[in-house]
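Each chain is listed here by its residues.
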Amino acid sequence: MTNSISFIRRGLLITAGLLASPIMALAQDTIKVAYIDPLSGSAAVTGEHGARHFRYLIDKVNSAGGVLGGKKLELVLFDNKGAPQETLVQAQKAIDSGAKFIFQGFGSNVALALTDFLAKHNERNPNSRVLYLSYGPMDPALTNEKCNFWHYRFESDSNVKISALVEFMKSQPALKNVYLINQDYSFGQSVRAEARKKLLDKRPDINIVGDELHPLLKVNDFAPYIAKIRASGADSVITGNWGADLSLLLKAAGDAGLKAQWYTIYGGLAGSPTAIKQAGLDGQVFQVVNWHANVPGAEMQVLNADFRKQYNEQGWWYLQAKTSVDMLVQAINKVGIADAVKVGLALEGMRYKNAIGADVLMRKEDHQLIQGLYVASFSSGVPIDEERTGWGWKTVATIPASSLTPTTTCRMTRPE
Amino acid sequence: MSELIVFSTLNGLQYGLLLFLLASGLTLIFSMMGVLNFAHASLYMLGAYLGYQISRWLGFWVGLLLAPLIVGVMGALIERFGLRHVHRHGHVAELLFTFGLAYLIEEMVVMIWGRIPVSYQIPNMLDFPAFTLWSTSYPAYRVFMLLVSMAIFLGLFFALTRSRIGLIVQASLTQPKMVSMLGHNVPLVFMAVFGVGSALAGLAGAIAGPALVTQPNMAAHLGPLLFVVVVLGGLGSLTGALMSSLLIGLVQTFAIAGDFSLSDIARGAGLSMNVPEVLSELWNATLAQLAPVLPYLLLVLMLIFRPAGLMGSRES
């Protein structure tokens, strides 16, 4: 018994030592950039893929000469396991390690905790202020009630996305009956509420024939839900489902031979394209995004091809990741120092021409990036496919940034 | 209405039988060795991934045959070289061992196949609608799943009750020491049961993989439900496991069609109730929203009123 205890103790010490070494400070003349997202657990697939995006972008920036005439950016990854509490721990670690800019993408619950924590930290510690650039969370509250000077959102919020979807639905005269099905948590509930509001606003003639909420990531068999959708006579479905919830829903629809159009927010996330192909829903599943692989634009096409080669055919997803890094670099170079307040003041109100040549604006009032969106359907017969299915995204509508400028209730207190 | 009933019954049965396929192995292992095998759902996931990989090289049917065999052998080896040594340290040690094993298997799967769901395809031979009622088609693959699960149940049932090996296994369930005194190799029986139980989990994975999403967290998705099935059905009883899995499958499927909440019932009965704010969400939740929670509710009720389970024969 004693032998096994001391063996365990030795083992723990060795493991602790091995884990501690990467955290030791590396080169001094770098600007640390932190990435906090789930790198383990069930959400790790999204976190890891996002990390690849940033690693690729930072490497490109550094190989092009870095910032401020030669300083390299150093990307440090932190695993928050998808949990808000753990995120605060990791954020503190990031700040302690000297990071000046924090990127985060997965989870509005995480984002709300993080933005609150960083706002308080920056207020109490004027010498170690950090900026928070989010590239994923869609909760409108982040740029409304919970806005603050230190947070910048590069992804369109869920209200804007639904607005774009319904705008497209407005131009579909055959659409008569809509079914809403969502996951029963804050995001799903906000999708449902906003969809109702926007449908009433833009197409009051459409009947909402069903409004379903199901527990998050608990349902294995969606066949009963498909039966309900069919029984309601719906010809279209709006859903904010993602991950297995969306894949299984669409598979069940394909199995049952349900003839309906699917309007999704997250149709492009890992696994869903495969499910759409398996369900045989050619051109019937739509998503709303700021970019997809078949959007014309040489720079992103080249980047996507290069990224796929490097990461074994896993395609680029987040245009906003590139936009955020590009705009950050421009802001740092403009003010000549990696100081949170100065860079922040340069970032807000910045107009930029993003990688597909579209004009975007980081709005000053709420730090929300205003960008155009595409509604795309997953179909056969497109040049670039997803997940080796042979099918890919095809733009069916372009919604310009000018019609996607939400109002905001943000009242921001600015530093000094 | 009748469309809903027919399809809900079919879906409920098929879902329940899939649960049974998974739970049958677990209930055998649980009742035989008192070991709560946390890694059972992970073996199911391994079966799905192995089925996927082998089907990519040698076709779906070869994968369906080989994947359970491989998982079964792995299970037997786990018992022989792992559990048997941990057994003498008590139940808690066994639990921790299988718990750690579950993590290990999941990380192994991630290392080999990555985190992104893999495309485990239904074979073309089975990819057609088996029949179409009232304009809803029922896929042939689900019928196949139904038939295989049924066949496994019958095979297990007859093997356990009619064959000599089955009788020895059944005896070892309750009187291992006596059976050992009678000259049978009880450790070998244990290993075989663990192996067969694991093979059943692997088979469930290989079959369910194309229908569900084959991804690294599929074990966590189905895992808790398994224990509900086993405890609800009663330890040591295969028929109990079948009944409880069918019950759970049907209840959950039919509940999803229930678009009414407690407040609707109260309103229908003409009562207007003033529910305090704290309970309002529960009051207004529809049966459909609660459907995935119902199995756990059944578990709690069963443990209160009949802890031995539906057909349990052991008191632990």
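Residues numbered from 1 in each chain as written. Chains lettered and ligands numbered in written order. Predicted model: local features only at pLDDT ≥ 70, side-chain atom pairs only at ≥ 80, totals over all residues.

Asker: Mind showing me how you'd approach the overall build of chain B here?
Answerer: Assigned secondary structure in chain B consists of 14 helices and two strands. In terms of overall size, chain B behaves like a compact globule, its C-alpha atoms giving a radius of gyration of 21 Å where 316 residues would be expected to give roughly 20 Å. Residues counted as buried form 46% of the 316 residues belonging to chain B. (Helix = DSSP H or I, 4+ residues; strand = E, 2+ residues; numbered from the N terminus. Rg over C-alpha atoms; globule rule 2.2 N^0.38 Å. Buried ≥ 20, exposed ≤ 12 C-beta atoms within 10 Å, placed from the backbone.)

Asker: Got a minute to help me understand the interface of chain A and chain B in this structure?
Answerer: At the interface, 31 residues of chain A touch 27 residues of chain B. For the side of chain A that touches chain B, the secondary structure elements donating two or more residues are helix H2 (44-63), strand S7 (207-214), helix H7 (223-232), helix H8 (244-256) and helix H9 (272-279) of chain A. For the side of chain A that touches chain B, the leading source of residues is H7(A), giving seven residues. When the residues that make up the side of chain A that touches chain B are grouped by side-chain class, the tally is 15 nonpolar, eight polar and eight charged. (Contact = placed C-beta atoms within 7 Å. Nonpolar A, V, L, I, M, F, W, Y, C, P; charged D, E, K, R; others polar.)

Asker: Help me out: how do you make sense of the sheet that holds strand S11 (residues 351-353) of chain A in this one?
Answerer: All names here are of chain A. Overall, antiparallel pairing links the three strands, which are arranged S11-S12-S13 in an open sheet. The outermost strands of the open sheet, each flanked by one partner alone, are S11 and strand S13 (369-370). Of the strand pairs in this sheet, S11 and strand S12 (residues 359-362) are connected by three bridges, and their pairing is antiparallel. Bridge pairing in S12 links Lys 353 to Asp 359. Taken strand by strand, helix H11 (residues 319-335) contacts S11, S12 and S13, and its axis lies near 120 degrees from that of S11. (Pairing = 2+ DSSP bridges. Axes fitted to C-alpha atoms, helices over the stretch in contact; angles between N-to-C directions.)

Asker: Looking at this structure, how should I read unusual backbone geometry?
Answerer: All names here are of chain A. For Lys 81, which is not a glycine, the phi torsion comes out positive at approximately 55 degrees. By C-beta crowding, Lys 81 is classed as partly exposed, having 18 other C-beta atoms within 10 Å. In this structure, Arg 388 is a non-glycine residue whose phi angle is positive, near 55 degrees. One can find Arg 388 in the loop between strand S14 (373-379) and strand S15 (392-399).

Asker: What should I look at first to understand the sheet that holds strand S4 (residues 131-134) of chain A in this one?
Answerer: Strand pairing in a sheet is mediated by backbone hydrogen bonds. Such pairs are either parallel or antiparallel. All names here are of chain A. Reading across the sheet, the five strands line up as S2-S1-S3-S4-S5 and stay open at both edges, with parallel pairing between neighbours. With one partner strand each, in any of the chains shown, strand S2 (72-79) and strand S5 (151-153) form the two edges of the open sheet. Direction aside, neighbouring strands of the sheet carry axes that sit 25 degrees apart on average. As judged from the three bridges shared by strand S1 (residues 30-37) and strand S3 (residues 101-104), these two strands associate in the parallel manner. Paired with Val 33 across the two strands is Phe 101, which belongs to S3.

Asker: Before we go on, may I ask you to explain the domain arrangement of chain A in this structure?
Answerer: One frequently used descriptor of interface size is the decrease in accessible area upon assembly of the parts. Residues and elements named next belong to chain A. Here chain A is partitioned into domain 1 (30-154 + 305-370) and domain 2 (159-289 + 372-403). The interface is formed by 13 residues belonging to domain 1 together with twelve residues belonging to domain 2. By residue number, the principal contributor to the side of domain 1 that touches domain 2 is H2, which donates three residues. Residue composition of the side of domain 1 that touches domain 2, by class: seven nonpolar, four polar and two charged. (Domains from an automatic or database assignment.)

Asker: Help me understand the pairing of strand S10 (residues 285-289) of chain A in this model?
Answerer: Two faces make up the sheet, and in a regular strand the side chains alternate between them. Residue and element names in this part refer to chain A. With five of its five residues buried, S10 lies for the most part within the structure. Neither face of S10 is exposed, since Val 285, Gln 287 and Val 289 on one face and Phe 286 and Val 288 on the opposite face are all buried. In this structure, strand S9 (residues 261-264) lies alongside S10, joined through three bridges in parallel fashion. Bridge pairing in S10 places Thr 264 opposite Gln 287. Crossover S9 to S10 through H9 is right-handed. In the sheet, S10 pairs with S14 via four bridges, with the strands oriented antiparallel. (Right-handed = clockwise from strand over helix to strand, strands pointing away.)

Asker: Would you take a moment to explain the packing of H11(A) against helix H12 (residues 340-347) of chain A for this structure?
Answerer: For any two helices packed against each other, the geometry comes down to the angle between their axes and how far apart the axes lie. Residue and element names in this part refer to chain A. One way to put it is that H11 packs onto H12 with a least axis distance of 9 Å and a crossing angle of 115 degrees. Taken as a pair, H11 and H12 cross one another with a handedness that is right-handed. The residues of H12 that touch H11, namely those facing Met 327, Ala 331, Ile 332, Lys 334 and Val 335, are Lys 342, Val 343, Ala 346 and Leu 347. A per-class count over the contact of H11 with H12 returns seven nonpolar, no polar and two charged. (Left-handed = near helix turned anticlockwise from the far one by under 90°.)

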